[in-house]
Amino acid sequence: MSETSLTKESSRPASGGETAAASTPPADAGGVDGGVGLTALLVAAARAIETHRHDSLAQDVHAEHFVRAASACADWPVRIEQVREGDDNPLWGRFARYFGLRTRVLDDFVLGSVHDGARQVVLLGAGLDTRAFRLDLPSDCVVFEIDRTGVLGFKHQVLTGLSAAPRVKRVPVPVDLRADWVTALTSTGFDPAAPSVWLAEGLLFYLPSPAETYLIDTVDRLTTGGSALAFEAKLEKDLLAYRDSAIYTATREQIGIDLLDLFDLGPRPDSAGHLTAKGWSTSMHTPFDFTRRHGRGPLPEPNDALEGNRWVFAHKPGP
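Residues numbered from 1 in each chain as written. Predicted model: local features only at pLDDT ≥ 70, side-chain atom pairs only at ≥ 80, totals over all residues. Heavy atoms only, no water.

K.L.:
Describe in detail the sheet that holds strand β3 (residues 169-174), supporting the description with residues and values.
P.N.:
Taken in spatial order, the 7 strands make up an open sheet running β3-β2-β1-β4-β5-β7-β6, and their pairing is mixed. In this open sheet, the two edge strands, each paired with only one partner strand, are β3 and β6 (281-285). On average, each strand axis in the sheet is inclined to that of its neighbour by 15°, with strand direction left out of account. The pairing of strand β1 (residues 120-124) with strand β4 (residues 196-200) spans 4 bridges and is classified as parallel. Its bridge partner lying in β4, Val-122 is registered against Trp-198. Here helix α11 (residues 287-294) sits on the sheet in contact with β6 and β7 (309-315), set at roughly 85° to β7. (Pairing = 2+ DSSP bridges. Helix = DSSP H or I, 4+ residues; strand = E, 2+ residues; numbered from the N terminus. Axes fitted to C-alpha atoms, helices over the stretch in contact; angles between N-to-C directions. Contact = heavy atoms within 4.5 Å.)

K.L.:
Tell me about the packing of helix α3 (residues 90-115) against α11, residues and numbers included.
P.N.:
At a minimum axis separation of 10 Å, α3 and α11 run at an interaxial angle of 80°. Relative to α11, the element α3 lies roughly perpendicular. Judged by residue contacts, Arg-94, Tyr-98, Leu-101, Arg-104, Val-105 and Asp-108 of α3 engage Pro-287, Phe-288, Phe-290, Thr-291 and His-294 from α11. (Parallel < 35°, antiparallel > 145°, perpendicular 65-115°, else oblique.)

K.L.:
Break down the packing of aromatic side chains for me, with residues and values.
P.N.:
For the coordinates displayed, the defined rule picks out 16 aromatic pairs. Centroid distance Tyr-248 to Phe-263: 6.2 Å. Interplanar angle 70°. Geometry classified as edge-to-face. Taken together, the residues span a long stretch of sequence, with Tyr-248 in helix α8 (residues 246-255) and Phe-263 in the loop between α9 (259-262) and α10 (271-277) at a distance of 15 residues. The exposure class of Tyr-248 is buried, given its relative accessible area of 4%. Residue Phe-263 is classed as buried on the basis of its relative accessible area of 0%. Members of the aromatic cluster, connected to one another through ring pairs, are Phe-95, Tyr-98, Phe-99, Phe-109, Phe-290, Trp-311 and Phe-313. Positioned above the aromatic ring of Phe-205, the side-chain terminus of Lys-234 is 5.9 Å from the ring centre. (Phe/Tyr/Trp six-rings, centres within 6.5 Å; stacked < 30°, edge-to-face > 60°. Buried < 20%, exposed > 50% of the residue type's maximum accessible area, 1.4 Å probe, protein only. Lys NZ or Arg CZ within 6 Å of the ring centre and 35° of its normal.)

K.L.:
So what about the nonpolar core? Which residues, and what values?
P.N.:
Inside soluble globular proteins, nonpolar side chains tend to come together where they are buried. Among the nonpolar cores identified, the biggest contains 73 residues, and Leu-41, Trp-76 and Trp-92 are the most heavily contacted of them. Looking at this core element by element, the count peaks at 12 residues for α3. If you look at the next biggest cluster of nonpolar residues, it comprises 34 residues, including Leu-124, Ala-184, Ala-272 and Trp-280. (Core = buried A, V, L, I, M, F, W, Y, C linked by side-chain atoms within 4.5 Å.)

K.L.:
Which residues make up α3, and what are the values?
P.N.:
Taking 1.5 Å as the rise per residue, α3 with 26 residues should run 38 Å; its terminal C-alpha atoms sit 36 Å apart, in good agreement. Where α3 bends most, at Ala-96, the angle is about 30°. Counting buried positions along α3 gives 20 out of 26 residues, so the element sits mostly inside the fold. The distance from a side-chain oxygen at the start of α3 to the backbone nitrogen of Leu-91 is 2.9 Å, and the residue carrying that oxygen is Asn-89. Directly after α3, the chain includes Gly-117, whose backbone phi takes a positive value near 125°. (Expected span 1.5 Å × (residues − 1). Bend = angle between axes of the 7 residues up to and from the residue. Polar contact = N/O pair within 3.5 Å; in protein donor to acceptor, adjacent residues only side chain to side chain.)

K.L.:
Break down the pattern of salt bridges for me, citing the residues and quoting the values.
P.N.:
Under the counting rule described, the total for this entry stands at 26 salt bridges. Residues Glu-301 and Arg-94 are paired through a salt bridge, measuring 3.5 Å at the closest nitrogen-oxygen approach. Separated by 207 residues along the polypeptide, Glu-301 in the loop between α11 and β7 and Arg-94 in helix α3 bring together distant segments of the chain. With a closest N to O distance of 3.0 Å, Arg-119 and Asp-140 form a salt bridge. Here the residue Arg-119 occupies a position in the loop between α3 and β1, and Asp-140 occupies one in the loop between α4 (131-134) and β2 (142-147), the gap between them amounting to 21 residues. (Salt bridge = Lys/Arg side-chain N within 4 Å of Asp/Glu carboxyl O.)

K.L.:
Quick one: what's the story with the side chain of Arg-53, residue by residue and with numbers?
P.N.:
Topologically, Arg-53 is positioned in the loop between α1 (35-51) and α2 (63-69). The residues touching Arg-53, leaving out its near neighbours within four places in the chain, are Ile-80, Asp-87, Trp-92, Gly-93 and Arg-97.

K.L.:
Help me get a handle on the environment of Val-121, residues and values and all.
P.N.:
Tracing the backbone shows Val-121 in strand β1. Val-121 sits in the buried class, given a relative accessible area of 3%. Remark: the alpha-carbon pair of Val-121 and Phe-144, spanning 23 residues in sequence, is separated by 6.0 Å. If near-sequence neighbours (up to four positions away) are discounted, Val-121 is found in contact with Val-110, Val-114, Cys-141, Val-142, Val-143, Phe-144 and Val-197.

If you want it as structure tokens, here you go:
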């Protein structure tokens, strides 16, 4: 589900303030072959399926190439016509459509923030995100992609093989979110004094509560007025109550990813409220709000694993 390769076991904040773990992570490390990294391929497959739909909400011509380049998912579908049950399949139908909708909504958020003056885009746990290649961004925009070396290396290999060129300046920041990613980001040209837009897409529910709070506080510290942040949160008090939902069951049985084993099951912080207390303006929506707005996407159903999902949009007022 995530675009990142961060693991919940490794993401607790350290007492020092600048890092997100008490120990330095391996230097390599971590590709898309398993764990949360594998979910980046799941989202890529969903974007590929969305791209080929006649009523597509988002286009990503690179997505299917990521899926085909990784041995772990070489037999996954990249078109809904390759799925025997079609849209009735809970994973490749409903869940993939959810990811397609999420992609469109966050695309619109980035484009809107850039229209309002932000020229720096920061992707936290960027994974296989291709917004630097897909979106019609101004030529003076810079996209910073933060993720582990293995994930960014895999993406680089695939995109290089396609001779794909970004539309704007793209700055990979190969650092584990457990390490000092703040220094890594600012040393590659990110300017905290200039407006920026941040995405934490499919990231926070893998983090323990203190790590999520640390990340939100850090974004607040690194942003000036006119900046924006979008993130995905879960409100369920007991995620295991949905263990037998159609989406989680299909993901476990069809591709061997147990999302609830990857999610942090502890209490979640009120990050939207935390930002509001710091002076940000925030709004919270269900995915179904955007399904109704766009006329396609998932709608509520019984025992719904998406019921507690919320998309939060925050803006830091200018001077």
